[in-house]
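One-letter residues, chain by chain:
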Amino acid sequence: MSYARIIGTGGFLPEKVLTNADLEQMVDTSDEWITKRTGIKKRHVADSEQTTCDLAEIAARNAIDAAGIQAREIELIIVATTTPNRVFPSTACLLQQRLGVNGPAAFDIQAVCTGFIYGLSIAEKFIRTGSVKTALVVGAEVFSRIIDWSDRTTCVLFGDGAGAVILQASSEPGILSTHLHADGSYQHLLTVPAGISESYDVLKQGTAFVQMQGSEVFKVAVRTLEKIVEETLAANNMSQEQIDWLIPHQANIRIITATAKKLNLSMDRVIVTVDSHGNTSAASVPLALDIAIRDGRIKRGDTLFLEAFGGGFTWGSALLIY
Ligand code: UT7
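Residues numbered from 1 in each chain as written. Predicted model: local features only at pLDDT ≥ 70, side-chain atom pairs only at ≥ 80, totals over all residues. Heavy atoms only, no water.

We count it as follows: UniProt positions are given in the numbering used here, feature names are shortened, and annotations may be inferred rather than shown by experiment.
For the chain, an unreviewed UniProt entry supplies the name Beta-ketoacyl-[acyl-carrier-protein] synthase III and the organism Candidatus Nitrosoglobus terrae. Looking at the Catalytic activity (unreviewed entry) heading of the UniProt record, one finds this comment for the chain: "malonyl-[ACP] + acetyl-CoA + H(+) = 3-oxobutanoyl-[ACP] + CO2 + CoA". Taken from UniProt, the Subcellular location (unreviewed entry) comment for the chain reads in full: "Cytoplasm".

**Here we look at helix α4 (residues 91-99)**
Quick note on the threshold: Relative accessibility under 20% of the residue-type maximum defines a buried residue, over 50% an exposed one, and the middle range a partly exposed one, all with a 1.4 Å probe and only protein chains included. Each helix is a run of H or I in the DSSP string that is no shorter than four residues. Each strand is a run of E no shorter than two, and both are numbered from the N terminus. Residues are treated as being in contact if the distance between any of their heavy atoms lies within 4.5 Å.
Every buried residue of α4 is accounted for by Thr91, Ala92, Leu94, Leu95, Gln96 and Leu99. The secondary structure elements touched by the buried residues of α4 are α3 (52-67), β4 (76-80), β5 (105-109) and β6 (134-141). One or two positions beyond α4, positive phi appears at Gly100, with a value near 70°.

**Notes on the site of the ligand**
Inclusion rule: Think of it this way: one heavy atom of a residue within 4 Å of a molecule or strand is enough to make that residue near it. A 3.5 Å cut-off defines polar contacts: any pair of N or O atoms within that distance qualifies, except that in protein one atom must be a possible hydrogen donor and the other a possible acceptor, and neighbouring residues in sequence count only when both atoms are side-chain atoms. Computed with a 1.4 Å probe, the accessible areas rest on the Shrake-Rupley method; for each residue, only the protein chains presented here act as cover. Domain borders in the structure are assigned automatically or taken from a domain database.
Close contacts around the ligand come from 24 residues, with Thr29, Arg37, His249, Asn252 and Asn279 the closest. One of the side-chain nitrogen or oxygen atoms of Trp33 is found 3.1 Å away from an oxygen atom of the ligand. At a separation of 2.7 Å, an oxygen atom of the ligand approaches a polar side-chain atom of Asn279. Burial of the ligand by the protein amounts to 72% of the accessible area it has alone, namely 960 Å². Sorting the residues of the shell around the ligand by element identifies α2 (31-38), α6 (152-155), α8 (214-235), α9 (253-262) and β12 (303-310) as the ones contributing at least two each. The leading source of residues in the shell around the ligand is α8, at four residues. Mapping the shell around the ligand onto the domain boundaries places at least three of its residues in each of domain 1 (3-171) and domain 2 (177-321).

**As for helix α5 (residues 115-128)**
Heads up, the rule is: Expected helix span is given by 1.5 Å per residue-to-residue step, counting one fewer step than there are residues.
The terminal C-alpha atoms of α5 lie 20 Å apart, and with 14 residues this matches the ideal 20 Å at 1.5 Å per residue to within 8%. The element α5 is largely enclosed, with a buried count of ten among its 14 residues. Taken together, the buried positions of α5 are occupied by Gly115, Phe116, Ile117, Tyr118, Gly119, Leu120, Ser121, Ala123, Glu124 and Ile127.

**What about the layout of surface pockets?**
To keep things clear, this is the line we draw: Here a cavity denotes a set of grid points, spaced 1 Å apart and computed over the protein atoms alone, in which a 1.4 Å probe fits but from which it cannot get out, and a pocket denotes an open set meeting protein on both sides within 12 Å along at least five of seven lines; residues with an atom within 4 Å of a point are reported as lining. Grid points are joined across faces, edges and corners, and a volume is the space filled by probe spheres set on the points. For this scheme, ten residues count as nonpolar: Ala, Val, Leu, Ile, Met, Phe, Trp, Tyr, Cys and Pro. Four count as charged, namely Asp, Glu, Lys and Arg, and the remainder, Gly too, count as polar.
By volume, the largest pocket amounts to about 1,200 Å³. Thr82, Gln110, Ile146, Val192 and Ala194 are, among the 35 residues lining the largest pocket, the residues nearest its centre. Considered class by class, the residues forming the lining of the largest pocket number 16 nonpolar, 15 polar and four charged. Quantified by volume, the second largest pocket comes out at close to 520 Å³. Lining the second largest pocket are 27 residues, with Leu157, Met212, Gly214, Phe218 and Asn252 positioned closest to its centre. If you list the elements that add at least two residues to the lining of the second largest pocket, you get α2, α6, α8, α9 and β12.

**A few points about the environment of Leu320**
Within the secondary structure, Leu320 is located in strand β13 (residues 314-321). Taking the C-alpha atoms as reference points, Leu320 and Asp302, 18 residues apart in sequence, are found 8.3 Å from one another. Dropping the residues within four chain positions of it, Leu320 is found in contact with Ile6, Leu120, Gly174, Ile175, Leu176, Asp302, Thr303, Leu304 and Leu306.

**A word on the environment of Leu167**
By the secondary structure assignment, Leu167 is in strand β7 (residues 161-170). Leaving out residues up to four positions away in the same chain, Leu167 has contacts with Ala4, Arg5, Ile6, Leu120, Ala123, Glu124, Ile127, Lys133, Thr134, Ala135, Val137 and Ile175.

**Re the UniProt feature "active site" (unreviewed entry) in the chain**
UniProt's feature table lists "active site" (unreviewed entry) at Cys113, His249 and Asn279, given in the numbering used throughout. A maximum C-alpha distance of 8.6 Å is found for the annotated residues, which run over 167 residues; spatially they form one tight group. In this structure, the second largest pocket is lined, among the annotated residues mentioned, by Cys113, His249 and Asn279. When near neighbours in sequence (up to four residues on either side) are disregarded, Cys113 contacts His249, Asn279, Ser281, Ala282, Ala308, Phe309 and Gly310. Considering the arrangement of structural elements, one finds Asn279 in the loop between α10 (274-277) and α11 (284-294). In this structure Asn279 comes out as buried when scored by relative accessible area, which is 5%.

Below you can see the structure in the form of structure tokens.
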């Protein structure tokens, strides 16, 4: 069986930037509070015309260019998103049409902030089993649409963006293992409690917003991510010293620091974008990965630890040789 290797990455952030100073004008908050509690200084926000698919398309095209392939070589498209363009068709199908890759399977994954890791894991299985040779996995969000901009406990945390990878079959090591988990008993701690078949009125009123019990989420996230570090290293019979880079989900610098500590990695081996992107949910890991590959920090042959934690709760990791 062949490995699935990342052969190209891409990212995209909408132009509009919202700083902590801007938020100070909107809600009762301060740059000092946001910086100290989260590490966030600014985030990008899509304009009212920009859709998740718009962001995903640019990230995907950047990844295709970086991979040096033609879009028509893609045999599988997975889009991880919590903020799809429509109820249906999936954002993956809309993206497929834009890329002109008609025919191959395309579907969305909903695992909130862990969505990209879920998508990566699924695509890897398709490649490993020989079903497809080349896959596109995108994490894309316009999270700003499900934020109550008058709620200071959530509106300071999130941002919009998209990140993408092209995976291809290879005889050289790529993804070594992925680990996916979920525990729906925590659904109430982080949720948008409205949808098509539940609380549809709330959706119709346009008030379906993120609700989070932040400190509870924080505690479970730290504990769970520590456990998944152990699980991932054990599955590969590897030790902390063999990890070159941690590419974590970017929710809070304090959660990231705790995971880095568990991996015994100094912060200069951790890719941090939370300061300038905020939490972009499913887009955060591929965006961070793309930035660190493009600026030359991550090099071919490096061993990468990717992880995420989000609503559901869902959580997951991927260990790979870049
Ligand atoms: O990506 C999905 C996973 N999500 C996460 O992992 C997020 C996890 N949670 C967190 O990152 C943190 O819990 C938060 C950043 C959301 C909050 O930090 P915290 O240190 O847990 O603060 P807290 O919720 O315990 O609130 C402390 C105080 C409260 O005031 P009182 O009750 O102590 O008077 C809040 O009302 O801070 C207040 N507060 C704020 N103050 C200024 C909450 N939000 C703000 C704000 N500005 N934006």
